[in-house]
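Examination of the molecular architecture
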Amino acid sequence: MEERKIYNLIERFETSSLTVLEVEADGFHLRMEKSGQPQQLQQIDKDLRVPAMQSLQPAQKEPQSSNFIEVKSPIVGIYYAAPEPGKPPFVTVGQQVKQGQVLCVVEAMKMMNELKSPVDGIIRSAGGVNGELVEFDQVLFEVEPC
């Protein structure tokens, strides 16, 4: 899905009275939700449907443990692993982190949203690709508390 179309959908959703919006087309799935009100679903016209995303890559995973805490993207946006181009990433797999430490940035509509570690722990997996789109509720990191 083209970045421009995603931003257009986000903007239209935010200014609408809808509380939930789901788009599915050719293997692509997008869900946006506003909190605080009862959920409403609206079907999107075929004109607004877009081709499936092909650039998302699966997370680099170690064997999953049930005690890992998932850090998910709160929005649809562009994932940035580093504070700026050419700089080292905020975190790497195997790195120890402190609660509140920035793990990555997700940009949506020119707003930079820092995702922070919910606990002291060790990064066990990272699921974003720098400069690529991430979906709402996509697991970006798994943190093993310590």
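Coordinates for the structure precede this section.
Now for a look at the structure at hand. (Residues numbered from 1 in each chain as written. Predicted model: local features only at pLDDT ≥ 70, side-chain atom pairs only at ≥ 80, totals over all residues. Heavy atoms only, no water.)

The next subject is the sheet that holds strand β10 (residues 139-145). With respect to topology, four strands assemble into an open sheet ordered β3-β10-β8-β5, the strand pairing being antiparallel. Strands with a single pairing partner mark the edges of an open sheet, and in this sheet they are β3 (69-72) and β5 (96-97). Two elements, β3 and β10, share four bridges in a ladder whose sense is antiparallel. In the sheet register, E70 faces β10, and the bridge partner there is E142. (Pairing = 2+ DSSP bridges. Helix = DSSP H or I, 4+ residues; strand = E, 2+ residues; numbered from the N terminus.)

It is worth spelling out the layout of surface pockets at this point. Space inside the largest pocket adds up to approximately 260 Å³. Among the elements of the structure, α1 (3-14), β2 (28-33) and β7 (111-116) are those that each provide at least two residues to the lining of the largest pocket. When residues in the lining of the largest pocket are grouped by element, the largest group, three residues, is from α1. Across the lining of the largest pocket, the residue classes break down as ten nonpolar, one polar and three charged. (1 Å grid on protein atoms, 1.4 Å probe; cavity = no way out; pocket = protein on both sides within 12 Å on 5 of 7 lines; lining within 4 Å. Points joined across faces, edges and corners; volume = space filled by probe spheres on them. Nonpolar A, V, L, I, M, F, W, Y, C, P; charged D, E, K, R; others polar.)

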